[in-house]
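# Observations on the model geometry
Each chain is listed here by its residues.
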Amino acid sequence: MSSPLLRTSRSLCSSCLRWRRHRTLLVTSSQTETLSAGPSNALAKTKPQKRAQAPRETKAGQLVESETPLQSRNPLEPTRVDLYLASIHAAGLEPTLDDIERCRPKRHSTPESSKFAEEYNDLLDTLCRSRRKVEYAESIMEKQWNWPSLKEIERRQRDKTEVVIKTFSVNPSQLFLILGKDGADLLQLSMRYNVHISLASNPLALRVEGLRGTMKQLTEHLSELKKGIIDEIVELPSKQPIRQDLVQRISRLAGAYVENLGHKGKIRICAKDTEKMDTAKRLAIRASTETQGSSSPLLCYMPTKAKLEHSVAPSFMPHTYSIYPFLSPRSLPWTMMKGGSFRVRRVADWLGAAATEDMTKTGGLAGGRGKVVTKTEEPTDLEALLLSAPKTSGHERLVSASFGHIVLGSASPTGHSVLSPPLKGNWTLSKILKWLHTSSTPLTFVPSLPATLFNSPPSTQKVIHRVLYRTLPESQLENSLHQQLIKLELEFSTSDEAGSKAAGPEHGDSDRELAGDLTLELDADHDTAYYLEPLQDSATSEGPSQYAEPNAQEAVINVSEVTCLEGVESTLDIMMPDRPMDVQFTVFEHTDVCAGDQPPLLVDYAKQLRHFLTSQDPEAIQPQPPATLNFRGRTYFLQTSLSVRKVIETPQLSTGAGGNMKQSVSARVITESVLDLESNQKFTTCQVTLDNSAGREAWTQFLASCDLITTVSIPAQGLETDIPVP
């Protein structure tokens, strides 16, 4: 067998020839011995040996053996391992699996220990002496012998111990949806993956610091979240952009990102799912229609001046008024301007009467001695304004008065509540009316429960689901506001046993004030008995919950047939700064819409709602009312979707001074505890209605009821109400 080692390109001297012949004999004998031992023993016993070097001559001419440096070796020459493998191949012998199995250790240390890496590398060196064969050796160890992968163990160790910092670029919509309400989703994300997350503003990004392993999982989560975001462009019916404070409020209520696109009434909504997308649409359309409709026309009641019982200096005779901060017992409507809220009130006369009207001297609205004026102080006839319009044939007319407060909104640059009124100081009522006429200060009627009904015992209640649809106002005159209205109602009732539980225990005075907490609440848990149970305020509950969840078989919910009314509604606000409360008058001329003529979308919604309430399927989904619908050539927009607890009461209203109940009359009062299912806001309404069948006497009784309810003030806590006025 010729060897490449014998090739030379130059002539050799006699000494070199002798050494070359001697080396050839050594190599031949070594190969013969190796082949006789077999490839298995050769592989196990092979050890690196020093290469024999040709002797060289010293200066004295003597031969001295010396080693040639490795750097002088020709890189094209084969290595000792190559020669050995070539010899095996030439002899027709190849290593078998048994030969490799002889190198397999009986055991190894645990992968988590530090000795495992040393044992792994030693075995790898035994199996392979060339870097070109490392992959084969690793495959044998890991796939054939089932050793854990050292690279994978080291990677997992780095994932558990190495802290890395990564930045995720986001846009405003993605950041809003990642944050969640009040940052709750981002906090859960940080706790779930055990990372620290901070916000970088320029450019907008999330800076995350955590372990390498959890960072990979977080990266996948954020990538899937971004891919799942849906967006849609919605055109508002008002063709006007939504106020920026309302945009933020809608985003917060719906859990979706909302932004204005230009100034032509287009918005862009980004949400995680279609449910939040639909909620944002309904709230945006509602905000658009309510702000477009603005507030109701405003009138002001100016009582006649009472005769003074003793002489007072002329400078103290005219009453002055001021704009005081207003604190509502309930949350203000979410469509109100964010900032301060105020109400016009009379300033108390230190040397005269109290700061409220004395009806025994002025006569009130029913007495007819006062005046109802516009902002420009033009007197108007309230009865003619509400009842003079001709009645439409086939329609019924419902005149009602709701009690609350007319609140002035004041914008705040920071968005926080402010106490500084938009008009400072004490003024005559004429100047305040003129200021309201010339300024653009928004006015909102906020319903609330009168002090007269705080102590009245609860009566039999009705649980109602009410949906209201309105058109955009066709015209806004000084004294009226007309809107087409569709009112859909379904009444819920239960079996006798469940109904007795739904009535609940008797409530104290504080429970009456917190009537909104006793409202029906439709939520996605689909506990059918829960829908008809009033929820008691946690502050008034004693010990364990007083409402045990009844068996589903005991509480059977009955849903009444749909009541659908269509008509025209007009509202009128009466500001009464001399009284604790204001009044909003409403005239609703309506007709019943029979089942065959009802809008198909509302019919389908009522059908789905009935199935949702009566079904025993825990996976049933609560339906949502349509945001818009067309009926008889008009486009209606969803205004409110409410759950109502309605009570009709006949309290005794005092007509004497100082709340003397010996002089009292009874009045039919309707109170409603309401939950807005879109905004989750709770509020209480109180109203009296006009009996159209009693003629002129009914009108006088109607105004007298309004007088008695609006003139009773809330006594200060801890003070007696019979303290004489100086």
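As shown above, the structure is provided for reference.
A quick note: this is a predicted structure, and the numbers were derived from the prediction, not measured. (Residues numbered from 1 in each chain as written. Predicted model: local features only at pLDDT ≥ 70, side-chain atom pairs only at ≥ 80, totals over all residues. Heavy atoms only, no water.)

This brings us to the overall build of the protein chain. Scanning the protein chain from N- to C-terminus turns up 21 helices and 26 strands. Within the protein chain, the proportion of its 726 residues that are buried is 39%. In the protein chain, the share of contacts with a sequence separation of at least 24, taken over all contacts with a separation of at least 6, comes to 73%. As displayed, the protein chain offers around 41700 Å² of accessible surface, 52% of which is attributable to carbon and sulfur atoms. (Helix = DSSP H or I, 4+ residues; strand = E, 2+ residues; numbered from the N terminus. Buried < 20%, exposed > 50% of the residue type's maximum accessible area, 1.4 Å probe, protein only. Contact = heavy atoms within 4.5 Å. Areas by Shrake-Rupley, 256 points an atom, 1.4 Å probe, with all protein chains shown as cover.)

Remark: helix α7 (residues 150-161) packs on helix α10 (residues 212-227), axes separated minimally by 5 Å, with the N-to-C direction vectors making an angle of 85°. Overall, the two elements α7 and α10 adopt an arrangement that is roughly perpendicular. In contact with R155, R158 and D159 of α7, α10 contributes R212, G213 and K216. Class assignment of the residues belonging to the contact of α7 with α10 gives a composition of no nonpolar, one polar and five charged. (Axes fitted to C-alpha atoms, helices over the stretch in contact; angles between N-to-C directions. Parallel < 35°, antiparallel > 145°, perpendicular 65-115°, else oblique. Nonpolar A, V, L, I, M, F, W, Y, C, P; charged D, E, K, R; others polar.)

Take the nonpolar core next. Core analysis: the largest hydrophobic core is formed by 34 residues, its most contacted members being L382, A401, F403, I574, F585, V688 and F702. Of all the elements in the fold, those that place two or more residues in this core are β9 (298-302), α15 (382-387), β14 (396-411), β19 (563-575), β20 (582-592), β26 (682-689) and α21 (696-710). Looking at this core element by element, the count peaks at seven residues for α21. Beyond its immediate sequence surroundings of up to four residues, L382 is in contact with L572, I574, F585, W699 and L703. (Core = buried A, V, L, I, M, F, W, Y, C linked by side-chain atoms within 4.5 Å.)

With eight of eight residues buried, strand β25 (residues 669-676) is to be regarded as a mostly interior element. Taking every second residue as pointing to the same face, both faces of β25 are buried, with V669, T671, S673 and L675 on one and I670, E672, V674 and D676 on the other. Pairing geometry for strand β22 (residues 634-649) and β25, over eight bridges, is antiparallel. Paired with K646 across the strands is E672, a residue of β25. Bridging between β25 and β26 involves seven bridges; their strand directions are antiparallel. What sits directly across from E672, in β26, is T685. (Pairing = 2+ DSSP bridges.)

The next subject is empty space enclosed by the protein. Considering all chains together, one arrives at four cavities of 30 Å³ or more under this definition. Every residue lining the largest cavity is counted, eleven residues in all, and those nearest its centre are P329, R330, P447, S448 and L449. In terms of residue class, the lining of the largest cavity is built from five nonpolar, four polar and two charged. (1 Å grid on protein atoms, 1.4 Å probe; cavity = no way out; pocket = protein on both sides within 12 Å on 5 of 7 lines; lining within 4 Å. Points joined across faces, edges and corners; volume = space filled by probe spheres on them.)

Within the secondary structure layout, A451 lies in the loop between β15 (443-447) and β16 (461-470). Classification of A451 by relative accessible area gives buried; the value is 15%. For the pair A451 and I709, spaced 258 residues apart in the sequence, the C-alpha separation amounts to 7.8 Å.

Looking now at the pattern of salt bridges. Using the criterion set out here, one finds 22 salt bridges in the structure. Between D676 and R286 there is a salt bridge whose closest N-O contact spans 2.7 Å. Of this pair, D676 sits in strand β25 while R286 sits in helix α12 (residues 274-293), and the two are 390 residues apart along the sequence. With respect to class, D676 is no different from R286; both count as buried. Through salt bridges with shared partners, a single ionic network connects D231, E259 and R268. (Salt bridge = Lys/Arg side-chain N within 4 Å of Asp/Glu carboxyl O.)

That bond from N202 to P203 is cis: its omega, 0°, falls within 30 degrees of zero. Positionally, P203 belongs in the loop between β4 (196-200) and β5 (205-211). Positive phi, normally seen in glycine, also occurs at N194, with a value near 55°. When you line up the elements, N194 lands in the loop between α9 (184-193) and β4. Judged by its relative accessible area of 61%, N194 is exposed.

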